[in-house]
Every structure is written in C-alpha cells, then in structure tokens.
Amino acid sequence: MLASPVAAAAPPGASSCSGCHGAPGGAVPSLIGHSAEDIAASLSAFRSGARPATVMNRIAKGFSESESRAIADYLAGGGQ
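Residues numbered from 1 in each chain as written. Predicted model: local features only at pLDDT ≥ 70, side-chain atom pairs only at ≥ 80, totals over all residues. Heavy atoms only, no water.

Caption draft 1: Spotlight on helix α4 (residues 65-76). In a regular helix each residue adds 1.5 Å, so 12 residues correspond to 16 Å; α4 covers 16 Å between its end C-alpha atoms and thus fits that length. Those residues of α4 that fall on the buried side of the exposure criterion are Ser 68, Ile 71, Ala 72, Tyr 74 and Leu 75. Here the buried residues of α4 occupy an arc of 165 degrees about the axis, which is enough to place them on one side. For α4, the secondary structure elements touched by its buried residues are α1 (14-18) and α2 (36-48). (Helix = DSSP H or I, 4+ residues; strand = E, 2+ residues; numbered from the N terminus. Expected span 1.5 Å × (residues − 1). Buried < 20%, exposed > 50% of the residue type's maximum accessible area, 1.4 Å probe, protein only. Arc of directions from axis to C-beta. Contact = heavy atoms within 4.5 Å.)

Caption draft 2: Highlighting the pattern of salt bridges. Under the definition given, this model contains three salt bridges. In this structure, the salt-bridge partner of Glu 37 is Arg 69, at a minimum N-O distance of 3.2 Å. Of this pair, Glu 37 sits in helix α2 while Arg 69 sits in helix α4, and the two are 32 residues apart along the sequence. Relative accessible area serves as the criterion here: at 31%, Arg 69 is assigned to the partly exposed category. Two residues, Asp 73 and Arg 69, come together in a salt bridge whose shortest N-O distance is 3.1 Å. Within this pair, Asp 73 and its partner Arg 69 are both found in helix α4, separated by four residues, close to a single helical turn. Three or more residues are tied together by salt bridges with common partners; here these are Glu 37, Arg 69 and Asp 73. (Salt bridge = Lys/Arg side-chain N within 4 Å of Asp/Glu carboxyl O.)

Structure, rendered in structure tokens:
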C-alpha cells in the first residue's frame, strides 16, 4: 500500500477565508477555481481600499503581502 501525500498545512489566516467562502452556490462567493494570482490581487485591493468592501477590507488589512500570498497559494491549490 502506497502512502498518500500529506496535505499542505494551512497558513495562518486561511481559516478566515474558508470560514465564509465555501462551496459554490453559497451566500458568499466560492474561491474554488480562482488562481492564486487573482486571490492575492483581490486581497491586495481590499487591503489598500482600491476595492471597497464592508468586511473583506478589515480582514485583508490583517495580513501582510507575504501572508496574503501564502493564503492565496493554499486556497488556489485546493486548501479549504
């Protein structure tokens, strides 16, 4: 029997995203199928205020650029 690959550990803060952005069709849009570049760019836009929001701007401001990139890579790679 072959060992299954070990899933990458979620970076700090990833649960802030997956707590709301669930499966497609939910109240909050899913992030499934979005590229890491798109997710990181959205987080950056929310953080800077370029993309107005009532909740995401406050959440995104809690992450640095490198933390946002780690979260984006994790979510785009199938992490939840």
